[in-house]
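Single-letter residue listing:
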Amino acid sequence: MVAHLYVHIPFCPKICPYCSFYKEVGRRELVRPLLDGILREAEREAAGLRPVTIFFGGGTPTALSTSQLEELITGLRQRIDFSALSEFTLEMNPATVSLEKATALRALGVNRVSMGVQSWSDRHLQALGRVHSAAQARRSFGILREAGFENLNLDLMFGIPGQSAADWESSLRTTMELGPEHISAYCLTYEEDTEYFRRFQNGEFAPDEERDVEFFETAMRCLPQAGYSQYEISNHARPGRECLHNLAYWNGCDYVGLGPSAFSTRDGVRRRNVCDTRAYAGRILSGVSAADFVEEVPPELRVVEKNAFALRTRSGVSASNLPMDKVRQLVLEGLLILEDGRAVLTEKGKLVADAVAAELI
Ligand SMILES: C[S@@+](CC[C@H](N)C(=O)[O-])C[C@H]1O[C@@H](n2cnc3c(N)ncnc32)[C@H](O)[C@@H]1O
Ligand code: SF4
């Protein structure tokens, strides 16, 4: 039984030049088709589901108005059994948070918010093309607490052009002082088909792997001091505040995704909906599948994928699933430890997680 639901809302107040998620800006005429499409797709793909976790991601779900979000969540409740729901996360951009919207979402059952702060320096926020200031992000955090949210994640980025080690440490300290329950710390990546990628290729940004490693180590050193445990390479949580939805992905659980560009993996088949809101709604509303990419995931490949994700987590991978000679070698090199029969990355191993995974999986 599928227990995890993802809903993609592809709207943003402004496009950030580094971001490769499917999103649209200022397309009001697409809101109606999107809402109708998602609700119809829920009837078709998610009826009979009893989700334990729901994740509204994007884009920026709060780019929708309060009444649009109410219509969508109420409509989903009418079509899907919410009685087993334990975690309902919604992503927000600090510029789209108001007390009215946050209070309404809390009342609609949203119990976790993930907000993209990225940095507490206005200079870096400008470099990233963000639509909000640091002060606005701080106000939004206060509004979310005032609205009763007790489970908050803040996204941060490191490796931002012009960011020094001291800047990064200061961003971490400011975040820890605010005390969200969860912190995601991502290294800026230059994704194809983004403005940042073009600028990177033109030589405007110089890659500096050593500096990125140093930033990553700073996060691993600072965050535990404030009670955050690194339960996945980029994710740190207070005890019991790990994101259940993401843990389900990393544990290879099936999930259903609704909305343009959303992936679903179910019964050995992976599908991705078309990355175009009008085409998505047109297909769904005329009774045609919205998927433009479908692949079978045979059991052996599922195990490989599951191990690759699990290796990035604190619980690691059962060593019995791995080639023992390679495991022993990596243990000798100080990149892995064996804990209760599981292979777990050491601090040194986390710095080269992709290379370790390539050796093992
Ligand atoms: C969908 S966005 C979060 C919500 C909202 N749209 C926002 O930006 O505030 C998901 C997160 O992915 C991260 N992200 C996006 N593009 C990235 C990139 N190129 N490199 C590293 N992190 C990235 C950012 O931290 C961002 O907050
Ligand atoms: S980072 Fe967030 S706000 Fe910026 S374009 Fe991507 S999804 Fe939209």
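Caption draft 1: A look at the layout of surface pockets. By volume, the second largest pocket amounts to about 270 Å³. Phe-11, Gly-26, Arg-28, Val-31 and Ala-63 are the residues nearest the centre of the second largest pocket, which is lined by 14 residues in total. Elements with a minimum of two residues in the lining of the second largest pocket: strand 2 (11-12) and strand 3 (24-25). Classifying every residue of the lining of the second largest pocket gives 7 nonpolar, 4 polar and 3 charged.

Caption draft 2: Layout of the side chain of Thr-346. With respect to the helices, strands and loops of the structure, Thr-346 is situated in the loop between strand 17 (342-345) and helix 13 (347-351). With a relative accessible area of 16%, Thr-346 lands in the buried category. Not counting residues up to four positions away in its chain, the partners in contact with Thr-346 are Gly-334, Leu-335, Leu-336 and Ile-337.

Caption draft 3: Representation of the environment of Arg-283 within the structure. Along the chain, Arg-283 turns up in helix 10 (residues 277-285). What makes Arg-283 partly exposed here is its relative accessible area of 28%. Along the chain, Arg-283 and Thr-74 lie 209 residues apart, while their C-alpha atoms are 23 Å from each other. Beyond its immediate sequence surroundings of up to four residues, Arg-283 is in contact with Arg-44, Val-274, Val-288, Ser-289, Ala-290, Ala-291 and Asp-292.

Caption draft 4: Summary view of the sheet that holds strand 15 (residues 317-318). The sheet built from 3 strands is open, its strands ordered 15-17-16 with antiparallel pairing. Edge positions in the sheet fall to strand 15 and strand 16 (336-339), since each of these pairs with one other strand and no more. Judged from the 2 bridges that link them, strand 15 and strand 17 form a sheet pairing that is antiparallel. Residue pairing in the sheet places Ser-318 in a bridge with Arg-342 of strand 17.

Caption draft 5: Expanded view of the pattern of salt bridges. Counted under the stated rule, the structure contains 21 salt bridges. A salt bridge links Arg-173 to Glu-169; the nearest nitrogen and oxygen atoms lie 3.2 Å apart. Here the residue Arg-173 and the residue Glu-169 both occupy positions in helix 6 (residues 165-178), the gap between them amounting to 4 residues, near one helical turn. Looking at Glu-169, the relative accessible area reads 24%, which means it is partly exposed. Note that Arg-302 is salt-bridged to Asp-254, the shortest N-O span being 2.8 Å. You can see Arg-302 sitting in helix 11 (residues 299-311) and its partner Asp-254 sitting in the loop between helix 9 (244-250) and strand 11 (256-258), a full 48 residues away along the chain. Classification of Asp-254 as buried rests on a relative accessible area of 18%. Salt bridges sharing partners connect three or more residues here, namely Glu-24, Arg-27 and Glu-29.

Caption draft 6: Representation of the site of ligand 2. Within the structure, ligand 2 sits among Cys-12, Lys-14, Cys-16, Tyr-18, Cys-19, Lys-23, Gly-59, Thr-60, Asn-93 and Arg-130. Looking at the shell around ligand 2 residue by residue, the class counts come to 4 nonpolar, 3 polar and 3 charged.

Caption draft 7: Layout of the domain arrangement of the protein. Its domain assignment divides the protein into domain 1 (4-250) and domain 2 (316-360). Placing the centre of domain 1 and that of domain 2 at their C-alpha centroids yields a distance of 30 Å. Between domain 1 and domain 2, the contact holds 6 residues from the first and 5 residues from the second. Taking both partners together, domain 1 and domain 2 bury about 450 Å²; carbon and sulfur atoms supply 73% of that area. Scanning the region where domain 1 abuts domain 2 turns up 0 salt bridges. Linking domain 1 to domain 2 there are 1 residue pair in polar contact (both at pLDDT 80 or more). At 4 residues, the largest contribution of residues to the side of domain 1 that touches domain 2 is made by helix 8 (residues 209-222). Class assignment of the residues belonging to the side of domain 1 that touches domain 2 gives a composition of 4 nonpolar, 1 polar and 1 charged.

Cut-off values and rules
- Residues numbered from 1 in each chain as written.
- Chains lettered and ligands numbered in written order.
- Predicted model: local features only at pLDDT ≥ 70, side-chain atom pairs only at ≥ 80, totals over all residues.
- Heavy atoms only, no water.
- 1 Å grid on protein atoms, 1.4 Å probe; cavity = no way out; pocket = protein on both sides within 12 Å on 5 of 7 lines; lining within 4 Å.
- Points joined across faces, edges and corners; volume = space filled by probe spheres on them.
- Helix = DSSP H or I, 4+ residues; strand = E, 2+ residues; numbered from the N terminus.
- Nonpolar A, V, L, I, M, F, W, Y, C, P; charged D, E, K, R; others polar.
- Buried < 20%, exposed > 50% of the residue type's maximum accessible area, 1.4 Å probe, protein only.
- Contact = heavy atoms within 4.5 Å.
- Pairing = 2+ DSSP bridges.
- Salt bridge = Lys/Arg side-chain N within 4 Å of Asp/Glu carboxyl O.
- Near = heavy atom within 4 Å.
- Domains from an automatic or database assignment.
- Buried area = accessible area lost by both parts, 1.4 Å probe.
- Polar contact = N/O pair within 3.5 Å; in protein donor to acceptor, adjacent residues only side chain to side chain.

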